[in-house]
Amino acid sequence: MSERRDARKARQDAARQQSASPAGRKRMRAPRGASPRAPRTPRTPLSPGTVSAQTWVDIAVVSGLILVGALGWMPVFDGAQHLLASAGGLLVGLGTAWASHRLRLNAVTTVLVFFLTYFLFGSAFALPGNALWFVLPTLDTVRDLAVGAVFGWTDVVTLAAPVGAPTYVAVLPYVFSMVLGAVSGILLLRWLPTRYRTLWRCALVLILPLIAYLAPLVLGTHEPFLPAARGLLFAVAALVWLGWRRPEGRNISLSEKAGLRRARVVGTAFVAVAAVVIGGLAASILLPAPESRLVVRDEVQPPFDPEQFPSPLSGYRLYTKTLNETDLFTVTGMIPGDRIRLAVMDTYNGHLWNVAGPDLATEGSGLYELSGSTLPPPPLSDVVDQRRISVDVLGYSGPWLPTIGVPETIDLDGIDRERSRGFRYNASTGSAVLIDGVTSGIEYSMRSGIQAVPGDETLTDTPVAAVGMPPVEKVPDVVVAKAKEYVGGAETPIEQLRAIESALVTNGFLSHGRETDAASSRAGHGADRMEELFTRSQLIGDEEQYASAMALMARSFGYPARVVMGFQSDAVVEGSPTTITGDDVTAWVEVPFEGVGWIPFFPTPDETEIPQDQNPKPQSEPQPQVRQPPRSEKRPDDLLTDSDIDDKKDKEEDDGFALPVWAIATLAAVGGLLLLYLIPLVIIALIKRRRVKRRRRAATPDARASGAWDEFLDRHTELGYDVPLRTRAGIAGALAGQRDADAVATATLEGMAFSADAAVFAAEDAADGDIDVLWTQTDEQSRLSRRAVSWWRRQVSRFRVSRARRGRARKKASRRNDGR
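Bear in mind that the values here come from a model prediction, so they are computed numbers and not experimental data.

Visitor: I'd like to hear about the confidence of the model for the chain, residue by residue, with values.
Guide: With 73% of its residues at a pLDDT of at least 70, the chain reaches an overall mean of 76. Residue range residues 18-45 is modelled with pLDDT below 50. Its contacts to residues more than four positions away, or to other chains, number 20 contacts. When the criterion is pLDDT under 50, residues 631-657 qualifies, and its contacts beyond four places in sequence or with other chains add up to three contacts.

Written as structure tokens, this is what we have:
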């Protein structure tokens, strides 16, 4: 044993002499151009996966700038929930980037981890209200996360701000911040520290926070959220960070470095003050008007077109004849006098009153837009009271959602999630629609304001509001002539409109065209029916004809009138539910007054007893006697056999969420290929991790040092390098040649081989710090060798496992060389 220690001591002395030789000193010589006053001290490179303090500062600055940009979503989304989604998405994205850096994942694996964390944490940050225990994902939240990330962007530009429904829209700030956080984290952790930090590289990273700042401006509203304050904060923070990240130079003295730092402090303060002063002045002078800003939502036509549905007024007789005794829905919260609004029609083409489509919509008719639980206020309204209304749909069906007054908030929790995604609201008319239809069993609630209706004496000096309306066409001449006749000498708008209303109520008679009515009344409100209304000896019709006629008469005077169809019940008891039937259907006319809002007019008469001499009934003619068949004891209904059809299963299948066949096949193929890639990759990664762990935790210092060198060789073997069976110095020279390494890199590899020999063959155990440095050099040199090969060789190396079986042979060869 003593001979062995003597041999190790002799080799150590030889190593020291070699380092003291001119060749050894040449390796330690400072680079050309270095100042003699401050010789450059070599720093130990960080091991892969570790993060420097400066990088953490960079991450904090860039994350803060992204959050400043995320504040721009405030006017777009309902409440402050989007702040949690933005902050959570940023945190998850940065965590994904850190995991990719820590585990040295490739691009494919990083993307897979991104999708996994997206669905794992998305429910807690973006959809906590629908998550299990506010944290755990459910099938509904997973589906909303998938749909929102793909289709939410097309919906948000048609959304009436602030938005909160459909629920998947809340996913947008989460996925947006997560993508920006992941990309910026990867750049700051894996790209920027590996290169000399020039100013343009740091500025390139700021593109991501700039995108976070500009996206809400383009996709938001005309009124941005604190634009001056956010812009100044963003600019100052970015300039200060760029000033600090400007490289100092590789070889400067300590005194020069201190002076440079002082200059940076003064320069940074000057830049910050200049940015605040100049930016504030520029913002106050050059800030464009809100209406001149480019907002994408103003350039995109909403996908909903009301003209795809039939005119609501054309189905008026369906309620009076067929559904007159059918319970349509139950409303709680009404008081006597409240009217239920179903649809508002503002354009007439000679055949029908209808809801204006996107091409004809004006400020008076508006557009049906996606809206959240908080609805946008109407452009004209004078609210004097509020109602808390809940609706339980029974026998009603159709696309139009019944509302009351001016809805301020609406809760669609009682509506199926798929159906609620088709909710659209028109703020100008106060009407709502479900594209997939309102059917029995649906429940919803709302908070509505009640429009003030002042007396005529108050409106005497009030002009009609200048509101643009869609056109009316093919109005019969008799309607215009009768309007002038009814108005007579009335001068003010309210007097003229009341004169028309009073004339129709006084001269007309009510008939729904039912068998029990005193006179027949043809359905419809086209030009021919309007002409018939005024050319017969008596005015006979119902709300469909009278509301249509008054609206056309008001339009002939240039007043922006519209027809409203809804329900009104005389059986309303305050505090009790009210059941609405088809017999409660009604229609009225609305005209806007300046500063007041839309005032209703009711031109339908109550008189149903029509003079018989004006409408004689045809005399009955005797019919020939026909022999009747024998009487049957059974009723006609009893002759039919009862048959119960179970359509519950078909309904469930129709309501279920099903992917198309091509999507299932694509997902199966992609998923199978990913499993074939990931399963062996994970297994081999675990084997390699166990190999490193075993070598780093060896019992003796020389074994840990030998394990570091063996790990270095195994990684090069897996990368496809030709590792010869030589001494460590010989192997280092051979690998340097295969890497085309320069003199500095070659000296580093040779120094690493010398350090490994010294730790293994030294008489005394090497210090733990020296072994840690050796492992750090192993990781760093392996990484450089990995970068020196092609992308394909790097991917293949992930599926190769090499085990050093040449340890004893190398030790024997070293001993033989030392003996010589």
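Visitor: Mind laying out a nonpolar patch on the surface, listing which residues take part and the relevant values?
Guide: On the surface, Leu 132, Trp 133, Phe 134, Val 135 and Leu 136 cluster together into a nonpolar patch covering about 560 Å² of accessible area. Within the fold, Val 135 resides in the loop between helix 5 (107-126) and helix 6 (139-156). On the basis of relative accessibility, which here comes to 46%, the residue Val 135 falls in the partly exposed class.

Visitor: If you had to explain the sheet that holds strand 17 (residues 597-601) to someone new, which residues and values would you point to?
Guide: The antiparallel open sheet is built from five strands, whose spatial order is 7-2-14-16-17. Looking at strand neighbours, the two that pair on one side only are strand 7 (403-404) and strand 17, the edges of this open sheet. Sheet topology note: the strand 16 (residues 585-593)/strand 17 ladder contains five bridges and is antiparallel. From the neighbouring strand, Glu 590 faces strand 17, where its bridge partner is Pro 600. Helix-sheet contacts for helix 17 (residues 493-507) involve strand 16 and strand 17, and the interaxial angle to strand 17 is about 25°. Along the sheet, helix 19 (residues 543-556) makes contact with strand 14 (562-567), strand 16 and strand 17, crossing strand 16 at roughly 15°.

Visitor: For the pattern of salt bridges, give the residues involved together with the corresponding values.
Guide: In this structure the tally under the stated criterion is 23 salt bridges. Note that Arg 341 and Glu 590 form a salt bridge whose closest N and O atoms lie 2.7 Å from each other. With Arg 341 in strand 2 (residues 340-345) and Glu 590 in strand 16, this residue pair connects regions lying 249 residues apart in the sequence. A salt bridge links Asp 714 to Arg 695; the nearest nitrogen and oxygen atoms lie 2.7 Å apart. Here the residue Asp 714 occupies a position in helix 22 (residues 701-718), and Arg 695 occupies one in helix 21 (residues 661-696), the gap between them amounting to 19 residues. You can call Asp 714 buried: its relative accessible area is 0%. When its relative accessible area of 8% is taken as the criterion, Arg 695 is described as buried. Connected through shared salt-bridge partners, Lys 688, Arg 691, Arg 695, Glu 711, Asp 714, Arg 715, Glu 718 and Asp 779 make up one network.

Visitor: Account for the packing of helix 22 against helix 24 (residues 743-761), with residues named and values stated.
Guide: Helix 24 packs onto helix 22 with a crossing angle of 150° between their chain directions and a minimal axis gap of 8 Å. It follows from the interaxial angle that helix 22 and helix 24 lie roughly antiparallel. Viewed along their axes, helix 22 and helix 24 form a crossing whose handedness is left-handed. Residues Asp 702, Ala 705, Ser 706, Trp 709 and Phe 712 of helix 22 lie in contact with helix 24, whose contacting residues are Leu 749, Met 752, Ala 753, Ala 756, Ala 759 and Val 760. Here the contact of helix 22 with helix 24 is built from residues that sort into nine nonpolar, one polar and one charged.

Visitor: Before we move on, could you go through the side chain of Glu 501 and cite the residues and values that matter?
Guide: Secondary-structure assignment places Glu 501 in helix 17. Setting aside residues up to four positions removed in sequence, Glu 501 forms contacts with Met 550, Phe 601, Phe 602 and Pro 603.

Visitor: Talk me through a positive patch on the surface; I want residue IDs and the actual numbers.
Guide: Judged by side-chain charge, Arg 102, Arg 689, Lys 693 and Arg 697 come together as a positively charged surface patch. Inspection of the secondary structure assignment puts Lys 693 in helix 21. For Lys 693, a relative accessible area of 46% gives the class partly exposed.

Visitor: So what's going on with the pairing of strand 11 (residues 443-451)? Residues and values would help.
Guide: Two elements, strand 5 (residues 383-393) and strand 11, share nine bridges in a ladder whose sense is antiparallel. Its bridge partner being in strand 11, Arg 387 is matched across the sheet by Ser 448. Pairing geometry for strand 8 (residues 406-411) and strand 11, over five bridges, is antiparallel. Considered in strand 11, the bridge of Asp 411 is made with Ser 445.

Visitor: Summarise the packing of helix 18 (residues 527-535) against helix 19; cite the residues concerned and give the values.
Guide: Between helix 18 and helix 19, the shortest axis-to-axis distance is 11 Å and the interhelical angle comes to 95°. Taken as axis vectors, helix 18 and helix 19 run roughly perpendicular relative to one another. Each of Arg 529, Met 530, Leu 533 and Phe 534 in helix 18 lies in contact with helix 19, whose residues at this interface are Gln 545, Ser 548, Ala 549, Leu 552 and Met 553. Counted by class, the contact of helix 18 with helix 19 contains six nonpolar, two polar and one charged residues.

Visitor: Explain the nonpolar core to me, using residue names and the numbers behind them.
Guide: Counting 77 residues, the largest nonpolar core has Tyr 444 and Phe 593 as its most contacted members. With eight residues, the single largest contributor to this core is helix 19. The residues contacting Tyr 444, other than those within four sequence positions of it, are Ile 389, Ser 390, Val 391, Val 393, Leu 401, Pro 402, Ile 410, Asp 411, Leu 412 and Ile 415. With 32 residues, the next largest nonpolar core counts Trp 73, Leu 94, Leu 192 and Val 205 among its residues.

Visitor: Account for helix 23 (residues 728-738), with residues named and values stated.
Guide: Inspection of helix 23 places Arg 728, Ile 731, Ala 732, Ala 734, Leu 735 and Ala 736 among the buried residues, and these make up the whole buried set. The first or second residue beyond helix 23 is Asp 740, which carries a positive phi of 55°.

Visitor: For the packing of aromatic side chains, give the residues involved together with the corresponding values.
Guide: Two numbers describe a pair of aromatic rings. These are the distance of the centres and the angle of the planes. Enumeration according to the criterion identifies 11 aromatic pairs in this entry. A centroid spacing of 5.9 Å and a plane angle of 85° characterise the contact between Phe 114 and Phe 115, whose relative ring orientation is edge-to-face. The class of Phe 114 is buried, set by a relative accessible area of 15%. Positioned above the aromatic ring of Trp 588, the side-chain terminus of Arg 339 is 5.0 Å from the ring centre.

Visitor: So what's going on with the sheet that holds strand 10 (residues 431-438)? Which residues, and what values?
Guide: Taken in spatial order, the three strands of this open sheet run 6-10-9, and their pairing is antiparallel. Both outer strands of the open sheet, strand 6 (398-401) and strand 9 (423-426), are each paired with one neighbouring strand and no more. Taking each pair of neighbouring strands and ignoring which way they run, the sheet shows an average axis angle of 25°. Relative to strand 10, strand 9 is paired through four bridges, and the arrangement is antiparallel. The partner of Asn 426 across the bridge, within strand 10, is Ser 431.

Visitor: Hey, could you go over the environment of Pro 407 for me, with residue numbers and the actual values?
Guide: One can find Pro 407 in strand 8. By relative accessible area, Pro 407 is classed as buried at 3%. For the pair Pro 407 and Arg 387, spaced 20 residues apart in sequence, the C-alpha separation works out to 9.2 Å. Those residues in contact with Pro 407, other than ones at most four positions away along the chain, are Leu 375, Tyr 425, Gly 430, Arg 447 and Ser 448.

Visitor: Any chance you could break down the pairing of strand 1 (residues 327-332) for me, citing the residues and the numbers?
Guide: The sheet contact formed by strand 1 and strand 15 (residues 578-581) spans four bridges and is antiparallel. Counterpart to Asp 327 in the pairing with strand 15 is Thr 581. Strand direction decides the pairing type here: strand 1 and strand 5, joined by four bridges, are antiparallel. Its bridge partner being in strand 5, Thr 330 is matched across the sheet by Asp 392.

Visitor: Could you give an account of helix 4 (residues 81-103), with specific residues and numbers?
Guide: Here helix 4 contains 23 residues, and its C-alpha end-to-end distance of 33 Å stays within 8% of the 33 Å for a straight helix at 1.5 Å per residue. Taken from the residues just after helix 4, Arg 104 is the one with a positive phi, measuring 55°.

Conventions we followed
- Residues numbered from 1 in each chain as written.
- Predicted model: local features only at pLDDT ≥ 70, side-chain atom pairs only at ≥ 80, totals over all residues.
- Heavy atoms only, no water.
- pLDDT = per-residue confidence, 0-100.
- Contact = heavy atoms within 4.5 Å.
- Patch = residues over 30% accessible without salt bridge, like charges linked within 9 Å, V, L, I, M, F, W, Y side chains within 5 Å.
- Areas by Shrake-Rupley, 256 points an atom, 1.4 Å probe, with all protein chains shown as cover.
- Salt bridge = Lys/Arg side-chain N within 4 Å of Asp/Glu carboxyl O.
- Helix = DSSP H or I, 4+ residues; strand = E, 2+ residues; numbered from the N terminus.
- Buried < 20%, exposed > 50% of the residue type's maximum accessible area, 1.4 Å probe, protein only.
- Pairing = 2+ DSSP bridges.
- Axes fitted to C-alpha atoms, helices over the stretch in contact; angles between N-to-C directions.
- Parallel < 35°, antiparallel > 145°, perpendicular 65-115°, else oblique.
- Left-handed = near helix turned anticlockwise from the far one by under 90°.
- Nonpolar A, V, L, I, M, F, W, Y, C, P; charged D, E, K, R; others polar.
- Lys, Arg positive; Asp, Glu negative; His and termini not counted.
- Charge placed at Lys NZ, Arg CZ, Asp CG, Glu CD.
- Core = buried A, V, L, I, M, F, W, Y, C linked by side-chain atoms within 4.5 Å.
- Phe/Tyr/Trp six-rings, centres within 6.5 Å; stacked < 30°, edge-to-face > 60°.
- Lys NZ or Arg CZ within 6 Å of the ring centre and 35° of its normal.
- Expected span 1.5 Å × (residues − 1).

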